[in-house]
Amino acid sequence: MKRTIYLALISVFLLFGCKKSNDTSDASTSGLKVEIKGISGWGEFVNISVDQNKTEVKYPAGTTGSPQTVKDKSYKTSEDTFRKLSSYVETYDLMNAKIEECARCVDGADYVITMKSGNKKNTVTIAGQRTDGKYADVLDFIKKL
């Protein structure tokens, strides 16, 4: 009798204690996605979106250079590009960094970088014309996109 009650309790525990996870995220939503906006005192000059599958570079209307000479681009993200971008995010701990520079406030340009990975999201603002050399490799990488 004790054995039957014990087995019944274990069965109930296993039935309700071992349910499937409600986490329905897949690789396309949990992977790293980076959105970069180039902003100057005159407004936005470029919008870049990079994830593991696609890179998009869009130039808002009225961008320096006529719309005929500056064309939007969309292409498959190379593994090397995505690996470099991921390493910059990790190296500079950009998912947790609190960087809020404002070079556009003094006629410069800033890059507003928003990183999303799974449920985590962070936005940093890095001056485009830094003189101290910090983040120079990240800024060079952005300009080559």
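Above this text you will find the structure in question.
In this text the structure is predicted, and so the values were computed from the model without any measurement.

A. Inspection of the sheet that holds strand E2 (residues 43–51) at higher detail. Overall, antiparallel pairing links the six strands, which are arranged E4-E3-E2-E1-E5-E6 in an open sheet. Each edge of the sheet is formed by a strand with only one pairing partner; in this case those strands are strand E4 (73–76) and strand E6 (120–127). Adjacent strand axes in the sheet meet at a mean angle of 10°, parallel and antiparallel pairs treated alike. Across eight bridges, the pairing between strand E5 (residues 109–117) and E6 is antiparallel. Within the sheet, the bridge partner assigned to Ser117 lies in E6 and is Lys120. Its contacts with the sheet place helix H4 (residues 136–144) against strand E1 (32–40), E2, E5 and E6, and it is angled at close to 90° to E5.

B. Representation of the side chain of Ser49 within the structure. On the secondary structure map, Ser49 appears in strand E2. Those residues in contact with Ser49 that sit more than four places away from it in its chain are Lys33, Val34, Glu35, Lys54, Thr55 and Glu56.

C. Looking closely at the packing of aromatic side chains. Under the counting rule described, the total for this entry stands at three aromatic pairs. A ring pair is formed by Phe45 and Tyr111, whose centres lie 5.9 Å apart and whose planes are at 75°; its orientation type is edge-to-face. Of the two residues, Phe45 sits in strand E2 while Tyr111 sits in strand E5, which places them 66 residues apart along the sequence. Accessibility expressed as a relative area gives 7% for Tyr111, which makes it buried. Ring centres 5.5 Å apart and planes at 65° place the aromatic pair Tyr88 and Phe141 in the edge-to-face group. One end of the pair, Tyr88, is in helix H3 (residues 79–91); the other, Phe141, is in helix H4, with 53 residues separating them in the sequence. Pair check on accessibility: Tyr88 and Phe141 agree, each one buried.

D. Quick look at the pattern of salt bridges. Counting across every chain of the model gives ten salt bridges. One salt bridge connects Asp110 with Arg104, and the closest N-O pair in it is separated by 2.7 Å. In this structure, Asp132 engages Arg130 in a salt bridge whose closest nitrogen and oxygen atoms are separated by 2.7 Å. Exposure remark for Asp132: the relative accessible area of 53% places this residue in the exposed category. Among the charged side chains, a network of salt bridges with common partners joins Lys33, Glu35 and Lys116.

What counts as what
- Residues numbered from 1 in each chain as written.
- Predicted model: local features only at pLDDT ≥ 70, side-chain atom pairs only at ≥ 80, totals over all residues.
- Heavy atoms only, no water.
- Pairing = 2+ DSSP bridges.
- Helix = DSSP H or I, 4+ residues; strand = E, 2+ residues; numbered from the N terminus.
- Axes fitted to C-alpha atoms, helices over the stretch in contact; angles between N-to-C directions.
- Contact = heavy atoms within 4.5 Å.
- Phe/Tyr/Trp six-rings, centres within 6.5 Å; stacked < 30°, edge-to-face > 60°.
- Buried < 20%, exposed > 50% of the residue type's maximum accessible area, 1.4 Å probe, protein only.
- Salt bridge = Lys/Arg side-chain N within 4 Å of Asp/Glu carboxyl O.

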